[in-house]
Amino acid sequence: MQQKLRIAFIHPDLGIGGAEQLIVNLAVALQDKEHYVKIYTPHHNRNHCFVETQSRIPVEVRGNIIPPSIFGYFVALCAYLRMLLATIWVILFAGGFDVFIVDQVTFGLPLLWLFRRKTIFYCHYPDKLLCVKRSNILKKIYRFFLDITEEICLLFANLVLVNSQFTRDVVKNNFPIFIKLRKQPEILYPAIDFDKFDIIPELSRQDSRLTTHTFFVSLNRFERKKNIKLAIESFAKFLKSLRNKGQDVDNLKLVIAGGYDQRMAENVEHYEELSKLTFELEVTEQVSFKRNISDTERTWLLQNSIAVLYTPENEHFGIVPIEAMYNEAPVIACNSGGPKESVQDQITGYLCPTDQTIWSEKMQLLFNNHQLARQLGEQGKQRVQMLFSFEQFKNQIDSYVRFISKKPTKQKIN
């Protein structure tokens, strides 16, 4: 009988998003393998989180005495310090754990190494590349030290995992010191739990304007980098093209759904920007915004849409295309980043440049050819079952934690 391990997760903000979904899935997978798991985080709101963290997975909030920002500034620095405090508390007071899984912020890794803790770092994407606004010399100096810290601290992890070949290549190109001194990261693709989607959804907030296969759906957090405006602009062009051909478009809708956090200024601002865009394009009545939808609503939307519009460029991986394909929805996605590894062009959907005309043409193709849409959907489900099953995911992370648990308690960083 294999040993049951104690595994601690340290995550910066346990809200609703792709990174959080991955951490929750890792925790559930390890629980299924009969390990004990617990998540430590500086922020967890039980009214804005994945349902698994409300009961199944124990969560403890630590490190939150430092605010998430200082008058709206120094967000990254505050995240580093909050994670450092959470890490210190776990080391001193949380008891013994066999393996620590850390993600997003590397700042606590040297401390865990110093105290002979065994660590896995999951790199969704380098933080240094997520901060693109460096408009003045002070911001450049500030980010320079944070960027160097991120890479140096990464050296102290026993194992680094990434979510795609795309992200691994990005790490190789942007962390030269790490690549020179350590082995390449291992790839652990995100996966989905098929059981969550195999139950017929019972809706409590179904939009009365929506009927089966009369709408497209976009699932993303309300952030500018998700490029949601491409979905709205393409949809407007799609409607205009159909009208010009004399087709009835009154029942066609676009659903914009995703995570929304009132604490995040960008979420609030971008929601207003998108609402304004629908007004400018005269599609307000045909675009429905849904914030913080439930799992059952998410499943219903995926299962009953014409297709899913996945608009982020150079997305690190993207779990939405996987969920869409399992629910037999064709995917239209940007021809960059992680979707190039998940979506098969013209087999499970379409990989396109960020051109509204091309997106609207693909939307017309699927709208006018139900047999093609059904074929792409069926092929998508087969692909997910073959490559992205939760069982494979469980076995892979279980093998990683067992491997790390047997390593020497303090290894050299070079």
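What comes next concerns the included structure.

1. Description of the overall build of the chain
And step 1. For the chain, the count of helices and strands is 15 helices and 13 strands.
And step 2. For 414 residues, the compact-globule formula gives about 22 Å, and the C-alpha radius of gyration of the chain, at 22 Å, lands near that figure.
And step 3. Dimensions along the principal axes, computed over C-alpha positions, put the chain at roughly 70 × 55 × 40 Å.
And step 4. The buried share of the chain, reckoned over its 414 residues, is 55%.
And step 5. For the chain, the proportion of contacts with a sequence separation of at least 24, taken over those separated by at least 6, is 71%.
And step 6. When the accessible surface of the chain is split by element, carbon and sulfur atoms take 52% of a total near 18900 Å².
And step 7. Each charge class in the chain was averaged separately, 51 positive and 44 negative side chains, and the resulting centres sit 8 Å apart.

2. Re the pattern of salt bridges
And step 1. Under the criterion given, the structure shown has 21 salt bridges.
And step 2. Lys394 is paired through a salt bridge with Asp32; the nearest N and O atoms lie 3.6 Å apart. In this pair, Lys394 is assigned in helix 15 (residues 390-405) and Asp32 in helix 1 (residues 18-32), connecting sequence segments 362 residues apart.
And step 3. The buried category is assigned to Lys394, whose relative accessible area is 13%.
And step 4. A salt bridge links Lys38 to Glu60, with the shortest nitrogen-to-oxygen separation between them at 2.6 Å. Highlighted residues: Lys38 in strand 2 (residues 36-41) and Glu60 in strand 3 (residues 59-61), separated in sequence by 22 residues.

3. Things to note about the sheet that holds strand 4 (residues 99-103)
The strands making up a sheet associate through hydrogen bonds between their backbones, and the pairing can be parallel or antiparallel.
And step 1. Across the sheet, which stays open at both edges, the seven strands sit in the order 3-2-1-4-5-6-7 with parallel pairing between neighbours. Because the sheet does not close on itself, it has two edges, and the strands there are strand 3 and strand 7 (186-187).

4. Details of the environment of Trp113
And step 1. Turning to its location among the elements, Trp113 is positioned in helix 3 (residues 109-114).
And step 2. Placed 45 residues apart in sequence, Trp113 and Asn158 show a C-alpha to C-alpha distance of 8.6 Å.

What counts and how
- Residues numbered from 1 in each chain as written.
- Predicted model: local features only at pLDDT ≥ 70, side-chain atom pairs only at ≥ 80, totals over all residues.
- Heavy atoms only, no water.
- Helix = DSSP H or I, 4+ residues; strand = E, 2+ residues; numbered from the N terminus.
- Rg over C-alpha atoms; globule rule 2.2 N^0.38 Å.
- Buried < 20%, exposed > 50% of the residue type's maximum accessible area, 1.4 Å probe, protein only.
- Contact = heavy atoms within 4.5 Å.
- Areas by Shrake-Rupley, 256 points an atom, 1.4 Å probe, with all protein chains shown as cover.
- Lys, Arg positive; Asp, Glu negative; His and termini not counted.
- Charge placed at Lys NZ, Arg CZ, Asp CG, Glu CD.
- Salt bridge = Lys/Arg side-chain N within 4 Å of Asp/Glu carboxyl O.
- Pairing = 2+ DSSP bridges.

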